[in-house]
Amino acid sequence: MDSAPAAVTQRLWPLLVSVHEALQAGVAVSAAVHAAHSWNPTADRHLDHQLVRREAMEHLRPWGADLDGPDDRPGALAADAWLDPRHGRRLELPDAGTENLGLPMSGLILGTPTDVVRVWHSDDGELPAADTPGLRAFYRQTPSTQTQLAIDDGRTPAAPARSSLALLWADTGGVITRLDLVRPYGHAGRRAQVDWHVDLLAHLPRGAAARRALGDG
């Protein structure tokens, strides 16, 4: 499985576009709720982000939404969980727990047969600290350059695990201002190590032309 940024972006493009649209819808709902009550979103950012998350989940149901996802650990689902003939993918929404870290989007996980994407709100574009066993396991994977070398060395590669990815978003004034696709490759202490980091926001409106540009880059 190719873990280079262009290849990952290409194969996940419909999913990434759908998440962007779902987040935009969620931001609009949160703005409307706050306006109706004359609330200041900055007074309670958790509520603001939870409203975004709630609406985003509704928009992502066509991707095979499962509101009772059993676990947020990579590879936790059985293999036959991916045999949905409509999509070949599934939205996992595990219950909040110690993995939540107080981050309103930490319970949103999108899975395909090749990738696991965790969606987090991040004002600074940084991954959450590797403070729990679940996050450390999620971050722990081979860098994409080494994966490519293993594929090219002439030997038959073992069946790869799904690639762990993070989609980091932020908003200002009712507008999505960050949408970054990040591939971690481990952690140094509490700090997640980043294999690569792609800014998707500028490319999303351009559709097929954007995919070609990312592939060329």
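Data block above holds the structure.
How each quantity is defined
Residues numbered from 1 in each chain as written. Predicted model: local features only at pLDDT ≥ 70, side-chain atom pairs only at ≥ 80, totals over all residues. Heavy atoms only, no water. Phe/Tyr/Trp six-rings, centres within 6.5 Å; stacked < 30°, edge-to-face > 60°. Helix = DSSP H or I, 4+ residues; strand = E, 2+ residues; numbered from the N terminus. Buried < 20%, exposed > 50% of the residue type's maximum accessible area, 1.4 Å probe, protein only. Bend = angle between axes of the 7 residues up to and from the residue. Expected span 1.5 Å × (residues − 1). Arc of directions from axis to C-beta.

**Points about the packing of aromatic side chains**
With the rule as written, the count across this model stands at 2 aromatic pairs. Considering the side-chain rings of Trp120 and Phe138, the 6.1 Å spacing of their centres and the 85° angle between planes classify their relative orientation as edge-to-face. With Trp120 in strand E4 (residues 115-121) and Phe138 in helix H3 (residues 133-139), this residue pair connects regions lying 18 residues apart in the sequence. What makes Trp120 buried here is its relative accessible area of 2%. Take Phe138: its relative accessible area is 0%, and that puts it in the buried class. Centre to centre, the rings of Phe138 and Tyr139 are 6.1 Å apart; their planes meet at 55°, and the pair counts as tilted. Judged by relative accessible area, which is 0%, Tyr139 ranks as buried. These aromatic residues form a ring-pair network of at least three members: Trp120, Phe138 and Tyr139.

**Looking at helix H1 (residues 5-37)**
The sharpest bend along H1 measures roughly 70° and falls at Leu12, with the proline Pro14 sitting one to four residues further on. One or two positions beyond H1, positive phi appears at Ser38, with a value near 55°.

**Digging into helix H2 (residues 45-59)**
What sets the pattern is the α-helix's 3.6 residues per turn: residues three or four places apart point alike. With 15 residues, H2 extends 21 Å between its outermost C-alpha atoms, agreeing within 8% with the 21 Å of an ideal straight helix rising 1.5 Å per residue. Those residues of H2 that fall on the buried side of the exposure criterion are Asp48, His49, Val52, Arg53, Ala56 and Met57. For H2, the angular spread of buried residues about the axis comes to 165°, placing them on one side.

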